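Now for the letters of each chain:
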Amino acid sequence: MPNTDPNDILFERARAVIPGGVNSPVRAFRAVGGTPRFVKRAQGAYFWDAADQRYIDYIGSWGPMILGHGHPAVVEAVQRAVTEGFSFGAPTEREIELAEAILALVPSMEMVRLVSSGTEAAMSALRLARGATGRKYIIKFEGCYHGHADALLVKAGSGLATFGNPTSAGVPPEVVQHTLVLEYNNTAQLEEAFTLHGHEIAGLMIEAIAGNMNFVRASGPFAQRCRELCTQHGALLVFDEVMTGFRVGLHGAQGVLGIRPDLTVLGKVIGGGMPLAAFGGPRDIMEQLAPLGPVYQAGTLSGNPVATACGLATLKEVAKPGFFDALSRKTRTLIDGLKAAAQAEGVPFSADSEGGMFGFFLLAQLPQNYTQVMATESARFNTLFHGLLARGVYIAPALYEAGFVSAAHSDEDLSATIEAAREVFKGFQRHA
Ligand SMILES: *Cc1c(COP(=O)(O)O)cnc(C)c1O
């Protein structure tokens, strides 16, 4: 019998013309198996797939949709902007407004440059760190993702404090030979790296609350040590807040941890679902950028008038008093409920959250680094993923991704999700 599920039919068509049928790999469901759901439309906390199935959405476009889909104030701002023009390649007042809004909420930034993707922002911040310090080495941590720029597609080599190996074909080892890859939350290794290479390190880039190895926090002391060592050795501390910015709280992970980075990289929420990202920091460093300084950086669509309208309208909503209190409460309700359901069914489970971002693990204890995250048994995760999907709940199709709650998720959505998880956990026990 021919397969008539519209998602399967679309996936067939997509695979004929787009590599793997998707424009970003994790969408392909390869980690969990099965057919990706093709989204037809979304509203509030839900989206509907090609078969008109409704899902409670815990991805929210991987973070940007913090207000839920189709928030009326955002839709109106975008509609108005579109009638005024799509792109000019010349400056607009709205870029200043967005820059001012960002700087007002992230006190470590005195100036900001707008770009179109997190990858571009992280890559540019890296170039700026190297240009401003005149040094070439950078530190990154295993499990942190900073987009797909060559120098950042790297995993740890063998042994302590070694330079990394490329994680992608097409990246020659020479291109990552100045990228030092360290273990997250490993202070001894961090100190060793600075002892060995301190005078050559341009910058240390970190997700201070990591969301690309599921959800793992840098410990307070570890993050503090990153700050101290950078200061002591004249390296720039770069917080990649593409995911955490305006997501874990109004002042990002730096606000949560109380640490002032030198450079901050933003994306996702600041575009409200449109392609928009940014990087910024102190005036003297940012003035190293072209056209003022020698560090080149540019973009045809940078500061796009429709994207900035979308971002501005989104930031206006999240900056309203009480927004993050209410959002954090929703997220905690969800993870507390999931924890209780797992416990009742005897399933090892741990979870953590900050603001509208969460992670859970089928492990008794919260992991502290990438190796520990990867110890999660993936077969069980896949059962949970597909069990939830079949019950109309859409979580990330890979265990190394964080989850996102939006302001549009209702108490009913959260309890329906917890109930769906409870049913799946029950099945775990029966088949154990
Ligand atoms: C998503 C993400 C990026 C990359 O952003 P894109 O817009 O996908 O290029 C970089 N850093 C972090 C921390 C991210 O979560």
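Residues numbered from 1 in each chain as written. Predicted model: local features only at pLDDT ≥ 70, side-chain atom pairs only at ≥ 80, totals over all residues. Heavy atoms only, no water.

Novice: Which parts of the structure should I look at to understand the site of the ligand?
Specialist: Surrounding the ligand, one finds Ser117, Gly118, Thr119, Tyr145, His146, Gly147, Glu207, Asn212, Asp240, Val242, Met243 and Lys268. Asn212 is positioned such that a nitrogen or oxygen atom in its side chain is 3.1 Å from an oxygen atom of the ligand. Between the ligand and the protein, one listed contact pairs an oxygen atom with a side-chain N or O atom of Lys268 at 2.6 Å. In the complex, 82% of the free accessible area of the ligand, which totals 380 Å², lies under the protein chains. Classifying every residue of the shell around the ligand gives three nonpolar, six polar and three charged. (Near = heavy atom within 4 Å. Polar contact = N/O pair within 3.5 Å; in protein donor to acceptor, adjacent residues only side chain to side chain. Areas by Shrake-Rupley, 256 points an atom, 1.4 Å probe, with all protein chains shown as cover. Nonpolar A, V, L, I, M, F, W, Y, C, P; charged D, E, K, R; others polar.)

Novice: Just to check I follow, could you spell out helix α12 (residues 378-390) for this structure?
Specialist: The α-helix winds at 3.6 residues per turn, so residues separated by three or four positions along the chain end up facing the same way. Between its terminal C-alpha atoms α12 stretches 18 Å, which fits the 18 Å expected from 13 residues at 1.5 Å a residue. Looking only at α12, the buried set comprises Phe381, Asn382, Leu384, Phe385, Gly387, Leu388 and Leu389. (Helix = DSSP H or I, 4+ residues; strand = E, 2+ residues; numbered from the N terminus. Expected span 1.5 Å × (residues − 1). Buried < 20%, exposed > 50% of the residue type's maximum accessible area, 1.4 Å probe, protein only.)

Novice: Whenever I open this one, the nonpolar core confuses me. Can you help?
Specialist: As a rule of thumb, nonpolar side chains are buried together in soluble globular proteins. Counting residues in each nonpolar core, the largest one holds 107 residues, and the members touching the most others are Phe141, Leu204 and Phe425. The element best represented in this core is helix α10 (residues 323-344), accounting for eight residues. Counting only domains with at least three residues in this core, you end up with domain 1 (6-70 + 321-430) and domain 2 (72-318). Discounting chain neighbours no more than four positions away, the residues touching Leu204 are Ile139, Phe141, Leu190, Phe194, Cys226, Cys230, Leu236, Leu237 and Val238. If you look at the next biggest cluster of nonpolar residues, it comprises 23 residues, including Ile138, Val238, Val242 and Phe279. (Core = buried A, V, L, I, M, F, W, Y, C linked by side-chain atoms within 4.5 Å. Domains from an automatic or database assignment. Contact = heavy atoms within 4.5 Å.)

Novice: What's the story with the UniProt feature "modified residue: N6-(pyridoxal phosphate)lysine" (unreviewed entry) in the protein in this structure? I'm lost.
Specialist: Sites flagged by UniProt as "modified residue: N6-(pyridoxal phosphate)lysine" (unreviewed entry) map to Lys268. For Lys268, the location among the structural elements is in the loop between β13 (263-266) and β14 (277-281). Filtering out sequence-adjacent residues up to four positions away, Lys268 remains in contact with Trp62, Pro64, Val242, Met243, Gly273 and Leu276. (UniProt positions renumbered as here; feature names shortened; annotations may be inferred.)

Novice: What is the right way to look at the domain arrangement of the protein in this model?
Specialist: For interface size, the figure often reported is the accessible area lost on association. Split by domain assignment, the protein resolves into domain 1 (6-70 + 321-430) and domain 2 (72-318). Computed from C-alpha atoms alone, the centre-to-centre distance between domain 1 and domain 2 is 26 Å. Facing the 31 residues of domain 1 at the interface are 32 residues of domain 2. Across the interface of domain 1 and domain 2, roughly 2,600 Å² is buried in total on both sides, 62% from carbon and sulfur atoms. Taken together, the links from domain 1 to domain 2 amount to two salt bridges. (Buried area = accessible area lost by both parts, 1.4 Å probe. Salt bridge = Lys/Arg side-chain N within 4 Å of Asp/Glu carboxyl O.)

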